[in-house]
There are 2 protein chains.
Amino acid sequence: MASSPHQARGLRALIARSLIILSVLAGTALGRNQVRHYNFDVEYIFGAPDCNEHVVMGINGQFPGPTIRAKAGDTVVVHLTNKLYTEGVVIHWHGIRQLGTPWADGTASISQCAINPGETFTYRFLVDKPGTYFYHGHYGMQRSAGLYGSLIVDVADGEREPFHYDGELNLLLSDWWHQSVHEQEVGLSSSPLRWIGEPQSLLINGRGQYNCSLAAHYSNSSSNQCNLKGGEKCAPQILHVQPKKTYRLRIASTTALASLNLAIGNHKMVVVEADGNYVQPFAVDDLDIYSGESYSVLITTDQNPKNNYWLSIGVRGRKPNTPQGLTLLNYLPNSASKLPISPPPVTPQWNDYNHSKSFSKRIFARMGSPKPPKFYDRRITLLNTQNKINGFIKWAINNVSLALPSTPYLGSVKFLLNHTYDQTSPPENFPSNYDVMNPPANPNTTSGSGVYRLNYNTTVDVILQNANALAVNVSEIHPWHLHGHDFWVLGYGEGRFSRKDERKLNLKNPPLRNTVVIFPYGWTALRFIADNRGVWAFHCHIEPHLHMGMGVIFDIDGRNVKGIPNEALACGATGRLSVNGVHH
Amino acid sequence: MASSPHQARGLRALIARSLIILSVLAGTALGRNQVRHYNFDVEYIFGAPDCNEHVVMGINGQFPGPTIRAKAGDTVVVHLTNKLYTEGVVIHWHGIRQLGTPWADGTASISQCAINPGETFTYRFLVDKPGTYFYHGHYGMQRSAGLYGSLIVDVADGEREPFHYDGELNLLLSDWWHQSVHEQEVGLSSSPLRWIGEPQSLLINGRGQYNCSLAAHYSNSSSNQCNLKGGEKCAPQILHVQPKKTYRLRIASTTALASLNLAIGNHKMVVVEADGNYVQPFAVDDLDIYSGESYSVLITTDQNPKNNYWLSIGVRGRKPNTPQGLTLLNYLPNSASKLPISPPPVTPQWNDYNHSKSFSKRIFARMGSPKPPKFYDRRITLLNTQNKINGFIKWAINNVSLALPSTPYLGSVKFLLNHTYDQTSPPENFPSNYDVMNPPANPNTTSGSGVYRLNYNTTVDVILQNANALAVNVSEIHPWHLHGHDFWVLGYGEGRFSRKDERKLNLKNPPLRNTVVIFPYGWTALRFIADNRGVWAFHCHIEPHLHMGMGVIFDIDGRNVKGIPNEALACGATGRLSVNGVHH
């Protein structure tokens, strides 16, 4: 690879970042940018997300947690106090790139030590880019326990979104189990594996209904009509709209497992944003959304104003055993209790992957968006397989199942604590004779804590390669999420990625995202510039899959990260390091 | 108080401790004393303590944890690895005084930082005194989750117990709930309070039977006969004995809540040891044992050898809603499946407190045991009351409900980190007009983290004063456990302790113990020599009561503790202290 284009890219990246920082500084100097302070007390509360009472992880007594709202260029400061009894906690600000603040990424064992009970840790980070984001726990399976909320970044003062809307509605989607997360974790780590199964309920803004349906009164329903009297915590959050207006629906999915499809009766949706990046607007009747993704869609309330309309979410990609999640689009001044005249939209067949692929392949960057470098410096192919270690079922990447160390990587890399994690990097690829269409010939795998070391400011391609799981004719959807960076999605394909697929990659207008899916037996190609120093997770966003090892770690010149607060590293070997009097 | 008797006592204590240390050193020099190493992995496992499957906290895959066995003078070394997902953990070695090693006492927030997931902490301590001990979690309510096991210290080589026996049997008693401990904790911290209720089952060595009885076939039983096929993990651990022999039964109770009564059909028991101290032998038909206590009793297998006999435990002191726990004394060579000809012994009426008091008052130190100093240097009276803080129900001591800080006291005291806990000591007494026979006139209390500072080598009296709870005509049993020391139990009495009770105190042969009960509406007087530097908990051993604040902290010259390992204090303000480069 010639050095001059590389250097040019490095320079471009440097200029781009400098411009961001300069504009932020300018904004602050002009008094435009604000520092927005939040106090978050994380605690267990009794909730009833789907009308069944359950212990839920809440913030300040709320589930989901409070919505954070800021403007591009603002600094968000969250003083997070752990009010749990025996558990540590962290919060990851999903989609926020943490430019220059890798210690604020909120990933236990990676970017920081878990915050101990009774302690407060302060997250301070720049939200440089408007968009629809969310936050969630990133320790054990605390996200599944309910530790999540929305994070919305508006355009800076004086700036305008590149589309018009009269109002907005915010939908945070999740799934819910009645088995406690503690039990789920033990089952997933047991031999034989105890799989968590499909969720009991789907939640919209933390609300769902178990064992009954809001739409049971339609003739084609076999479930019981929900008998809500009003005022229940699990009652749907009604979406109130005025007729003849345009609304922006912000939709984010923090599901533990479920891939979802969302539709609104009679209303088309125009997709305008994905993961905090503008996309070329396109209209759809329904939208597939995977865990870790966010979208903005515009809807126009141009339907019969005498009616209300269903908004429904249903399970995709796994044989569903969970009723649709429902709420109402309430055309004012209709009563919110007026039920729509038609049943809720029908979720497409769970295994109609062509439907999903067709949606994914319609997503392109909005004109004027940053374009990917034409060349890559390094390409890493990551084969996703289901395997076994001593009879315990795991997920592995190039035959390594990720086992997180107790000392956070960021500290280990910064202070060269090489004994705290495997020094051998995991493989760059997988054997050329591996048959992705069949179960692994040798199902055994290994666990490891090695990292991929990416040179700063280089362009990295990742080919996510799906394969058959342990059982025949099974290959699952995995949404992969990258921390610290957005990436360009260059393309999707079937079977094993090969040279001939190279030409199909989209370098013209690929969308920037932070989460992308691999379809069953398929591959997904993505590209990013490793321009944010730190140690970053890249992993399947399905909570039990990550628990079972489905992730990798990128060290992007973490050795030269400056300014890590001591509080982030007061545990494990970094804690001992400092105890022995070595200054950070 | 004259200084000479005080000094004399100090000298005596110093000589006594020096002799212990010398004898240990001598033992080691002679090669008699051993260092006994254990590796403990704490993890969640699926268990079925009472035949109902449940997640249980286990050690090395076992529940209860492995039995530690050592000889007096040995050093026990436990390398404890936390294999939980998001929870810290510690283990307290209940009854071991930790002479000179206060950091190894295993109390989170008091003697050390909780051990983080993935980390190993090494406990190293002397077991100087033979006896029946146990160990258990001391963080949140992890003891209730199943984190416990036995710790047996035999006499040193060449030494003999002061009683003869042919064999021994070990019984660790506990109680069990089907609701997870995480849920219990949230309920106990909620307003309105959600009380945990009575246990679903009583366990003997971690085994019980829910919703059925091993003894249902007797005509006076209304429960279902257990249908155990053999090999179930919840099947009772049969006590195999030979006829015409003497057995030592070691009995320890680590219940979360239940006070128990234990009896063996047709067999008398001779009590010879309490909490690791020899007592004047006395014979009983049944034995009351409170959480935190241990006893050794001798039984003689002199009954009809053709029969087996029931050993039963039942609930005392609270209106029971839990079936008896049962196992069999199996006279060999009878089959273990041969059921006794009579039903199990009947547990005395739960509120027959005279029965309990009569038992407690029969316990005296064995001749030759250390005697208490004749005078005390300081007397602290601790009123136990149930109160409210902003509507949340708490237990308080002299109107302070203990709220543990996030930085362990031992580090805070040693390094003068005065901001980490309340600097005002809690009151020495309670108002003279307080009516212990009625609910508090003002139910409101405060929470606090202040400590009682006891001068080193002084003699301290504590009067534990019981009172009426929030509801009328309710006063509960509380077993109080002292860390780091044994104390002499000088007496029990009714109502409010007064001058005239002074004369009734037993200074002649009071038993040494580490746990003692206060009876409803009564007082208990105890005395100890504060001769072990450190910061020590003294608290109600009922797990939910401690969670609700029922404890106090004694700082015994913690400032001058030497040799605290850094690993014990790598959290909170002590962690930050060291991060800032200040050496310990």
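Residues numbered from 1 in each chain as written. Chains lettered and ligands numbered in written order. Predicted model: local features only at pLDDT ≥ 70, side-chain atom pairs only at ≥ 80, totals over all residues. Heavy atoms only, no water.

As annotated in an unreviewed UniProt entry, chain A is L-ascorbate oxidase from Trema orientale. Per UniProt, chain A has the following entry under Catalytic activity (unreviewed entry): "4 L-ascorbate + O2 = 4 monodehydro-L-ascorbate radical + 2 H2O". According to the UniProt record, the Function (unreviewed entry) comment for chain A is "May be involved in a redox system involving ascorbic acid." (UniProt positions renumbered as here; feature names shortened; annotations may be inferred.)

Q: An account of the pairing of strand β1 (residues 35-47) of chain B is needed here, citing residue identities and associated values.
A: Every other side chain in a regular strand lies on the same face of the sheet, so the side chains alternate between the two faces. Residue and element names in this part refer to chain B. With 8 bridges joining them, β1 and strand β4 (residues 74-82) adopt parallel strand pairing. In the strand pairing of β4, Y38 is matched with V78. Pairing analysis gives 6 bridges linking β1 to strand β2 (residues 54-59), with the strands arranged antiparallel. Following the sheet pairing, F46 is matched in β2 by V55. Adjacent in sequence and paired antiparallel, β1 and β2 are bridged by 6 residues, among which C51 carries a positive phi angle near 80°. (Pairing = 2+ DSSP bridges. Helix = DSSP H or I, 4+ residues; strand = E, 2+ residues; numbered from the N terminus.)

Q: How would you sum up the pattern of salt bridges? Please name residues and give values.
A: Summed over all chains, the structure comprises 56 salt bridges over all chains. Note that B:E119 and A:R576 form a salt bridge whose closest N and O atoms lie 2.9 Å from each other. Of this pair, B:E119 sits in the loop between β5 (91-94) and β6 (120-127) while A:R576 sits in helix α6 (residues 572-579), placing the two residues on different chains. Residue class for B:E119 comes out buried when judged on its relative accessible area of 11%. Take A:R576: its relative accessible area is 31%, and that puts it in the partly exposed class. As a salt-bridge pair, B:D275 and B:R513 come within 3.1 Å of each other at their nearest N and O atoms. (Salt bridge = Lys/Arg side-chain N within 4 Å of Asp/Glu carboxyl O. Buried < 20%, exposed > 50% of the residue type's maximum accessible area, 1.4 Å probe, protein only.)

Q: Quick one: what's the story with the relation of the copies chain A and chain B, residue by residue and with numbers?
A: Superposing chain A onto chain B takes a rotation of 180° plus a shift of 0.0 Å along the axis, which leaves an RMSD of 0.0 Å. Viewed as a symmetry operation, the transformation between the two copies matches a two-fold axis. (Least-squares fit on C-alpha atoms with pLDDT ≥ 70 in both.)

Q: Lay out the environment of A:E494 with the relevant residues and their values.
A: Residues and elements named next belong to chain A. Looking at where E494 falls in the secondary structure, it is placed in strand β27 (residues 487-494). Separated by 27 residues in sequence, E494 and Y521 place their C-alpha atoms 6.3 Å apart. Filtering out sequence-adjacent residues up to four positions away, E494 remains in contact with K357, Y521, G522 and W523. A polar contact is formed between the side chain of E494 and the side chain of K357, at a distance of 3.0 Å. (Contact = heavy atoms within 4.5 Å. Polar contact = N/O pair within 3.5 Å; in protein donor to acceptor, adjacent residues only side chain to side chain.)

Q: Break down the interface of chain A and chain B for me, citing the residues and quoting the values.
A: Counting residues at the interface gives 38 residues for chain A, matched by 38 residues for chain B. Overall, the association of chain A and chain B removes approximately 3400 Å² of surface from exposure, summing both partners, and the carbon and sulfur fraction of that is 56%. Scanning the region where chain A abuts chain B turns up 13 residue pairs in polar contact (both at pLDDT 80 or more). Mapped onto the side of chain A that touches chain B, the elements with two or more residues apiece are β1 (35-47), α2 (181-188) and α6 of chain A. Counting residues per element, the side of chain A that touches chain B draws most heavily on α2(A), which supplies 5 residues. Of the residues assigned to the side of chain A that touches chain B, the class counts are 11 nonpolar, 19 polar and 8 charged. (Buried area = accessible area lost by both parts, 1.4 Å probe. Nonpolar A, V, L, I, M, F, W, Y, C, P; charged D, E, K, R; others polar.)

Q: Before we move on, could you go through helix α2 (residues 181-188) of chain B and cite the residues and values that matter?
A: Along an α-helix, residues three or four positions apart point the same way, because every turn accommodates 3.6 residues. Taking burial as the measure, the 8 residues of α2(B) include 7 buried ones, the bulk of the element. Within α2(B) the residues assigned to the buried category are B:V181, B:H182, B:Q184, B:E185, B:V186, B:G187 and B:L188. If you follow the buried residues of α2(B), they end up packed against β1, β2 (54-59) and α2 of chain A together with β1 and α6 (543-547) of chain B.

Q: Help me get a handle on unusual backbone geometry, residues and values and all.
A: Looking along the chain, the bond that leaves B:F63 and enters B:P64 is cis, with omega of -15°. Relative to the elements of secondary structure, B:P64 occurs in the loop between β2 and β3 (68-71). B:P333 follows B:L332 through a cis peptide bond whose omega is 5°. Looking at the secondary structure, you find B:P333 in the loop between β19 (325-331) and α3 (353-360). In the Ramachandran plot, A:N457 falls in the positive-phi region, its phi being about 70° despite a non-glycine side chain. Note on placement: A:N457 falls in the loop between β24 (452-454) and β25 (459-465).

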